[in-house]
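# Structural overview
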Amino acid sequence: MQIEMSITGKTRLLGIIGNPVEHSISPQLHNTLSKELGVDLAYVPFKVEYGNLEKAINGLKAVNVIGFNVTIPYKEEMARLVDELSEEARLIGAVNTVKSADGKLYGYNTDAEGFSRSFKQETGTGFEDKNIAIVGAGGAARAIAVKIALEGARQIHIINRTFSKAYELAKLIGENPGQTIEAVESGNPRINDILAGSDIIVNTTSIGMHPDKDGYPLGNFLDFSGRQIVYDVIYNPAKTKLLMEAEKRGSKIVNGLGMLLFQGMYAYEIWTGLKIPSDLAGEIQSLFINYLKK
Ligand code: NAP
């Protein structure tokens with residue numbers, strides 16, 4: 001027998017609050033990071049029942065956690081409960097990362113940066129001067145749209161089943177000089193031309209996510225060319241029907257696992273003040289690709 005030393009009286013706590021939390025891979029991600037970086041932190045899941053969010057965050061503050069992640073269904077409510085919001089979290093209207101320091105809670109949204117880092121690392125290009133179509137107008141779309149607008153996309157089309165949500169999102173982002181942003185309702189006959197003329201297509205809807213493996217978010221559009229990069233925020237399955245069709249027709253494809261991992265690594269950097277080296281980020285990605293195949 002050996003004394004288990006991975007958690008001692010000096011270990012500080014991180015965690016994730018949400019409901020459900022059982023499916024989350026954040027504990028594995030953050031505990032792997034702490035082990036690799038030699039940081040004395042433990043990350044655990046906290047399932048919080050509806051109506052208990054304020055009690056839960058007061059408890060976490062009281063036990064002096066370093067910070068925590070926030071997942072469904074509390075990201076929007078958390079934006080109203082923190083003491084200070086980062087600019088991106090304010091624009092997105094949702095908090096997925098909280099840092100606790102000096103008796104205050106600081107709210108961040110790392111989905112946007114996670115998407116941006118993943119996209120650049122996996123495609124070797126960015127958003128400047130690009131024509132980008134975002135399908136969906138929910139939480140993930142807000143984070144992505146805000147980011148690509150800030151990073152200089154030339155044209156952004158937000159395509160959504162519920163037009164009012166696409167319109168609200170387009171309005172929220174506003175247009176920077178030299179940029180156009182347009183909301184489009186799913187089913188609009190112009191959509192095929194919009195998608196064909198896009199450099200980047202991002203699916204942010206849950207269409208195609210397990211168990212809906214035959215779900216396809218682009219209606220009858222199949223006119224991909226090698227010019228388009230197709231990014232699906234879904235990572236289960238690793239290749240959605242959208243990614244399979246796009247790949248068959250010569251497009252570069254990327255799934256959402258990188259976004260998930262990079263948003264987590266960025267949160268870890270916020271909590272610890274450390275910069276995760278790019279070779280470690282790459283190793284983490286390969287490790288989790290294999291882990292999720294099992
Ligand atoms: P959300 O806020 O509920 O938004 C869902 C979006 O999908 C809305 O635009 C909704 O359209 C659309 N949608 C859903 N079902 C549809 C259907 N049957 N037909 C047409 N449109 C449909 O959800 P979210 O938080 O943005 O999450 C969306 C997806 O992104 C999920 O699969 C989630 O797992 C994934 N995600 C991944 C990451 C990552 O790190 N990879 C991060 C965040 C989210 P309406 O507005 O018309 O309802």
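Residues numbered from 1 in each chain as written. Predicted model: local features only at pLDDT ≥ 70, side-chain atom pairs only at ≥ 80, totals over all residues. Heavy atoms only, no water.

Here we come to the sheet that holds strand β10 (residues 200–203). Note: strands within a sheet are paired through backbone hydrogen bonds, in either parallel or antiparallel orientation. Strand order in the open sheet formed by six strands is β9-β8-β7-β10-β11-β12, and the pairing between neighbours is parallel. In this open sheet, the two edge strands, each paired with only one partner strand, are β9 (180–185) and β12 (252–254). Neighbour-to-neighbour, the strand axes of this sheet turn through a mean angle of 15°, independent of strand direction. Of the strand pairs in this sheet, β10 and strand β11 (residues 229–232) are connected by four bridges, and their pairing is parallel. Looking across to β11, one finds that Val-202 is bridged to Tyr-231. Against the sheet, helix α5 (residues 111–123) touches β10, β11 and β12, its axis set at about 140° to β11. (Pairing = 2+ DSSP bridges. Helix = DSSP H or I, 4+ residues; strand = E, 2+ residues; numbered from the N terminus. Axes fitted to C-alpha atoms, helices over the stretch in contact; angles between N-to-C directions. Contact = heavy atoms within 4.5 Å.)

If you check which residues of helix α2 (residues 53–62) are buried, you get Leu-53, Ala-56, Ile-57 and Leu-60. Taken around the axis of α2, the buried residues stretch over an arc of 90°, which confines them to a single face. Turned more than 90 degrees away from the buried face of α2 sit Lys-55 and Ala-62, all of them exposed. Contacts from the buried residues of α2 go to β1 (12–18), β2 (41–47), β3 (67–70), α3 (75–81) and β6 (104–108). The positive-phi residue at the C-terminal boundary of α2 is Asn-64, with phi of around 65°. (Buried < 20%, exposed > 50% of the residue type's maximum accessible area, 1.4 Å probe, protein only. Arc of directions from axis to C-beta.)

Right, let's get into the side chain of Asn-255. Position of Asn-255 relative to the elements: it lies in the loop between β12 and α10 (257–272). For Asn-255, a relative accessible area of 17% translates into the label buried. Among the polar contacts made by the side chain of Asn-255, one reaches the main-chain carbonyl oxygen of Ala-238 at a distance of 2.9 Å. From its side chain, Asn-255 meets the backbone nitrogen of Leu-257 in a polar contact 3.0 Å long. In contact with Asn-255, other than residues within four places in its own chain, are Tyr-231, Asp-232, Ile-234, Tyr-235, Ala-238 and Leu-243. (Polar contact = N/O pair within 3.5 Å; in protein donor to acceptor, adjacent residues only side chain to side chain.)

Tracing the chain through its elements places Met-78 in helix α3. Distance in space between the C-alpha atoms of Met-78 and Val-21 is 16 Å, their sequence separation being 57 residues.

The full set close to the ligand counts 20 residues, and Ala-137, Ala-140, Asn-160, Thr-162 and Val-233 are the nearest of them. Note that an oxygen atom of the ligand is positioned 3.0 Å from one of the side-chain N or O atoms of Lys-165. For the ligand, a nitrogen atom lies 2.9 Å from a polar atom in the backbone of Val-233. In the complex, 72% of the free accessible area of the ligand, which totals 920 Å², lies under the protein chains. Where the shell around the ligand is concerned, the elements lending two or more residues are α6 (139–150) and α10. Here the residues of the shell around the ligand sort into nine nonpolar, nine polar and two charged. (Near = heavy atom within 4 Å. Areas by Shrake-Rupley, 256 points an atom, 1.4 Å probe, with all protein chains shown as cover. Nonpolar A, V, L, I, M, F, W, Y, C, P; charged D, E, K, R; others polar.)

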